[in-house]
Amino acid sequence: MSSQEQLLEGLNGPQRDAVTHSGSPLLIVAGAGSGKTRVLTHRIAHLMAERGVRPGEILAITFTNKAAAEMKERIEALLGTRAANTMWTMTFHSACVRILRREAHRLGYPSSFTIYDAADSQRLMQLVCKELDLDPKRFPPRSFSFQVSNLKNELVDYDTFSEQAQTEQEKKLAEAYRLYQRRLHEAGAMDFDDLIMITVNLFQMFPDVTEYYRRRFRHVMVDEYQDTNHAQYVFVRELVGAAEDSDTSVVPPAELCVVGDADQSIYAFRGATIRNILEFERDFPNARTILLEQNYRSTQNILSAANTVIDRNEGRPAKNLWSEQGEGPKIIGYVADNEHDEAAFVVGEIDRLTDEGVVRPGQVAVFYRTNAQSRVFEDVFIRTGLPYKIVGGVRFYERKEIRDILAYLRVLANPEDTVSLRRILNVPKRGIGARAEESVELLAARERISFAGALRRVDEAPGLATRSAKAIRNFTALLDELAEAVPGSTPAEIVETVLSRTGYLSELAESKDLQDESRVENLEEFVDLAREFEHTFATLLQDEADLEGEENQGIDPGEPTLVDFLERIALVADTDQIPDEDDEGGVVTLMTLHAAKGLEFPAVFLSGMEDGVFPHTRTLGDKTQLEEERRLAYVGITRAQERLYVSRAAVRSAWGTPSYNPASRFLDEVPSSLVDWRRAESTLAAPPSRTIGGRPGGGSGGFGSTFGGGRAKAAKEAPALSVGDLVNHDSFGMGRVELVDGAGDRTKARIDFGADIGEKDLLVKYAPIEKL
DNA sequence: GCAAGCGAACTTTTT
DNA sequence: GTTCGCTTGC
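Since the structure is predicted, the reported quantities are computational estimates derived from the model, not experimental observations. In every chain, residue numbers begin from 1 and rise along the written sequence. Working convention: letters from A go to chains and numbers from 1 go to ligands, in the order in which they are written. Only residues with pLDDT of at least 70 get local features here, since the model is predicted, and only at 80 or more are side-chain atom pairs given and counted; chain-wide, interface and lining totals rely on the full set of residues. Remark: hydrogens and water are excluded; side-chain values derive from all non-hydrogen atoms of the structure.

**Some details on the overall build of chain A**
By definition, any uninterrupted DSSP run of H or I lasting at least four residues is a helix, any uninterrupted run of E lasting at least two residues is a strand, and each is numbered from the N terminus. Scanning chain A for helices and strands turns up 30 helices and 23 strands. Just so you have it, chain A exposes about 34800 Å², and 48% of that area is on carbon and sulfur atoms. Accessible surface is estimated by sampling points in the Shrake-Rupley manner with a 1.4 Å probe; for residues, cover comes only from the protein chains shown.

**Concerning the protein's contact with DNA strand B**
Contacts to DNA strand B come from 32 residues, most closely from N65, R270, R369, R395 and R618. What makes a residue near a molecule or strand is one non-hydrogen atom of that residue sitting within 4 Å of it. Take the atoms of DNA strand B that sit within 4 Å of the protein: sugar and phosphate atoms are 56% of them. Polar contacts, as used here, are pairs of N or O atoms within 3.5 Å; protein pairs need one atom able to donate a hydrogen and one able to accept it. Residues neighboring in sequence count only if both atoms are side-chain atoms. Here N371 contributes a backbone N or O atom positioned 2.9 Å from a phosphate oxygen of DNA strand B. Basically, the charged four are Asp, Glu, Lys and Arg, the nonpolar ten are Ala, Val, Leu, Ile, Met, Phe, Trp, Tyr, Cys and Pro, and anything else, Gly included, counts as polar. For the surface near DNA strand B, the per-class residue count stands at eight nonpolar, 15 polar and nine charged.

**Comments concerning the packing of helix α11 (residues 192-205) against helix α13 (residues 230-240)**
With axes taken as lines fitted to C-alpha atoms, and helix axes fitted only over the stretch in contact, angles between N-to-C directions fall between 0 and 180 degrees. Where α11 contacts α13, the two axes come as close as 9 Å, and the packing angle between them is 30°. In this structure, the crossing between α11 and α13 has a hand that is left-handed. Contact with α11, carried on its side by I196, T199, V200, F203 and Q204, involves A231, Q232, V234, F235, E238 and L239 of α13 and no other residues of that element. Here is the rule for handedness: rotate from the far helix to the near one, and if that takes an anticlockwise turn smaller than a right angle the crossing is left-handed, while a clockwise turn gives right-handed. Residues are treated as being in contact if the distance between any of their heavy atoms lies within 4.5 Å.

**Side note on the domain arrangement of chain A**
Note: interface size is frequently given as the accessible area lost on complex formation between the parts. As assigned here, chain A comprises domain 1 (3-101 + 196-296), domain 2 (114-187), domain 3 (301-395 + 576-679), domain 4 (398-510) and domain 5 (726-771). Residue ranges assigned to the domains are those given by an automatic or database domain assignment. Taking the mean C-alpha position of each, domain 1 and domain 3 sit 31 Å from one another. Of the residues lining the interface, 24 residues belong to domain 1; the matching set on domain 3 comes to 24 residues. Summed over both partners, the accessible surface that disappears when two parts come together, traced with a 1.4 Å probe, is what is meant by buried area. When domain 1 packs against domain 3, the two sides together hide about 2000 Å² of surface, and 52% of this comes from carbon and sulfur. Summed over the three residues of domain 1 that lose the most area to domain 3, namely D263, I266 and E293, the buried surface amounts to 34% of that side. We define a salt bridge as a side-chain nitrogen of Lys or Arg found within 4 Å of a carboxyl oxygen belonging to Asp or Glu. Between the two partners, domain 1 and domain 3, sit five salt bridges. Counting every contact that joins domain 1 to domain 3 gives 13 residue pairs in polar contact (both at pLDDT 80 or more). Listed by contribution, the elements that provide at least two residues to the side of domain 1 that touches domain 3 are β8 (288-292) and β9 (294-295).

**A look at the nonpolar core**
Grouped together as the largest cluster of nonpolar side chains are 51 residues, with contacts concentrated most on I405, L409, V495 and F526. The biggest single contributor to this core is helix α19 (residues 400-413), with eight residues. Once residues lying within four places of it in the same chain are set aside, the contact partners of L409 are I494, V495, V498, F526, L562, F565 and L566. Buried residues of nine kinds, namely Ala, Val, Leu, Ile, Met, Phe, Trp, Tyr and Cys, make up a nonpolar core once their side-chain atoms join them within 4.5 Å. Throughout, exposure labels follow a simple rule: accessible area from a 1.4 Å probe, protein chains only, divided by the maximum for the residue type, with under 20% read as buried, over 50% as exposed, and the rest as partly exposed. In terms of nonpolar packing, the next biggest core, distinct from the first, is built from 46 residues, Y225, A231, V234 and L571 among them.

**Regarding the pattern of salt bridges**
For the structure shown, the criterion picks out 55 salt bridges. Residue R679 is joined to D337 by a salt bridge in which the shortest nitrogen-to-oxygen separation is 3.2 Å. One end of the pair, R679, is in strand β18 (residues 675-679); the other, D337, is in strand β11 (residues 331-338), and 342 residues separate them in sequence. What makes R679 partly exposed here is its relative accessible area of 22%.

**Quick look at the sheet that holds strand β2 (residues 58-62)**
Pairing is parallel across the open sheet formed by six strands, whose spatial order is β3-β2-β6-β7-β1-β8. Each edge of the open sheet carries a strand with a single partner, namely β3 (88-91) and β8. Put simply, the sheet's adjacent strands are angled 15° from each other on average, direction ignored. Relative to β8, strand β1 (residues 26-30) is paired through five bridges, and the arrangement is parallel. Looking across to β8, one finds that L26 is bridged to R288. Taken strand by strand, helix α2 (residues 13-20) contacts β1 and β8, and its axis lies near 145° from that of β8. Strands qualify as paired when DSSP identifies two bridges or more between them.

**Concerning the side chain of S659**
Along the chain, S659 turns up in strand β17 (residues 657-660). Since its relative accessible area comes to 14%, S659 is described here as buried. Not counting chain neighbours up to four residues away, the residues in contact with S659 comprise A650, V651, R652 and A654.

**Some points on the packing of helix α6 (residues 92-103) against helix α12 (residues 207-216)**
It is the contact of α6 with α12, at a shortest axis distance of 12 Å, that shows an interaxial angle of 135°. Taken together, the axes of α6 and α12 lie oblique to each other. Along this stretch, α6 crosses α12, giving a crossing that reads as right-handed. From α6, I99, R102 and E103 reach across to α12, where they touch V209, Y212 and Y213. Oblique is the label for any angle not covered by the other classes, which are roughly parallel (under 35 degrees), roughly antiparallel (over 145) and roughly perpendicular (65 to 115).

**Some details on the environment of M71**
Relative to the helices and strands, M71 resides in helix α4 (residues 65-79). Sequence separation between M71 and P14 is 57 residues, and the spatial gap between their C-alpha atoms is 20 Å. Excluding its chain neighbours within four sequence positions, the residues that come into contact with M71 are L40, T41, I44, A60, T62, T89 and D223.

**Some remarks on the pairing of strand β6 (residues 219-222)**
What you see with β6 is no split at all: H219 and M221 on one side and V220 and V222 on the other are buried throughout. The pairing of β2 with β6 spans four bridges and is parallel. Residue I58 lies in a different strand from β6, and its bridge partner there is H219. With four bridges joining them, β6 and strand β7 (residues 255-260) adopt parallel strand pairing. When the sheet's bridge partners are listed, V222 is paired in β7 with V258.

As structure tokens, this is what we get:
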């Protein structure tokens, strides 16, 4: 058998086409479970084996480190370690950082620039808003931070934005954006969005840079293309080079291959545009599209459910997943009285399945819409003694103590990093309070120097107590002492030095607070992590240095530096999140639907299938958002290989008070013939406020919306509102209706609650309002 | 300068 | 119900 045949063996027709296609841009529309990663890796192998492409000429971009790691692993299995390590298989952000470390000096950034995560950039925005004297009630820094992020995703810089700013809000935002960006630059820092935007800017401002990378990457592949935002799209376009530029540009366009599925786009809320995948053929003329519709993951029952649900979304290109796996068991439904009963049912069922040997714990996943829902499950899992793991929630690197130490490391790597510097100024407590900080800030502003610079000139700080000045001098002396230890030390050694010399560890050790004990443990884990990093990273650096040869001259590849370590942490979230299905049968995985994307499990429990929970309340009034929720449902359903459970609770306490939620509309959208209801309705007594006779469940059509005892709150009669009406809201108080929009359950009203609260768009049916 | 205490928020979030 | 962040009071 030829190597070509070997590569194509076991692939279906469209998959083969996708692997062997050459020349024009290629869009692979890959339905859930259609073997997309396989196609991508085989395509890479094919490029190398049959078309003589060198691994260094390939750039494969993914969204998550998890996906990148998986692809790399598979490439390694197919092509060996060297090929896997020399090829760029990484996330958008990692690729951009690589480019920026090399080129950012052209824009006045140090090559060791700091990467600010969402929390850092929010903190900086807070400082900026304070500096601009903005009323946090009217101009919330959080919202500004969010909006600036959106602007950057759209590649709108502050100059462009200030030109079009009309309202006061926009003008203030433009001001904040400008100052925020200036502060970032001064601190030698970039936020996540900058990584993409500034790389694009570089490409557009320096043709020689673009040319360099175009020469280098002759094959660009992008996974999860439906999740790209505008900036990422432009990045890809710049890198590949447009066909129409080919007569002007020295380098012909690279070969582009993108993979995606518009139905699995669940990140529009953070700027992803399905547009990019829907308009691929327009963006890249001559493009070819290949559809992968055969699903190798799930049984037909599960796929049929997924298909009918997603079919409700309008304007999606036709696509129908099919499977050869047979019908499989029916979907099992359960209506619980409350969230505790729901969890008890789920865990009981898992217990039964594992006892009977149908599945091992590691083959089971429980999904929910919001992280808050995990609590109840955790309680029941603990009581039952079933092994489980919650994915997501509070992340390791987001813990206070880890962030504190990270701030020290960042200041050591980049002394101008103001946000980090200010974080550690008085941590551990050393008598530098808000007053002193303000005074230093004033000095910095007056002398037009950085905060770090002003710290060094405390004696000139206006109105600073001698005691504070002394504390600051001690602090800078401490920083100098730490900085001396940096050269010649490994990241792990630096971490240990910081922990001991700053007194951080001893402060925690002396504390009686129970939480501080686990903090110490976390810090110990962090040291271990640093050590592990040193080992794994050293090998990788060596491989890259071998390949890139002359290109890396002058850069010592041997030892991973502090900057390498920090970059790793900034770009790679928790590594061991998803449990492996291993030795002892593994553990049950609990996670949000968002976290579930890209995974598969033999048995899946979709919990909290209630209108108001999933779809989430905040999306009910907005068609676009509701469609995204529906895609989320589609993603959830298609994670299941053999067994799918759907459950809901009639009553669920949210924020202390019970809320009665009707069945999720997504349940109604599943054909009732596919579902076997273990319990179709709640026997719960009617809530005190009102009673509506229940219908029997499980009948033809919308079985999901039945609700035994009655309904309340969520299903109350919506007051008929018209413009001018006065209403009373449970928490906002009196308001006046300004606008009414939509019909039926989706009627929205804009209500003005006066100067303090302002206008709110509320969904009449769900809002706790009464007409006066 | 610091700690306790109160009030507001509270989807999802690969980087 | 909880957490986080800010304000108040010592």
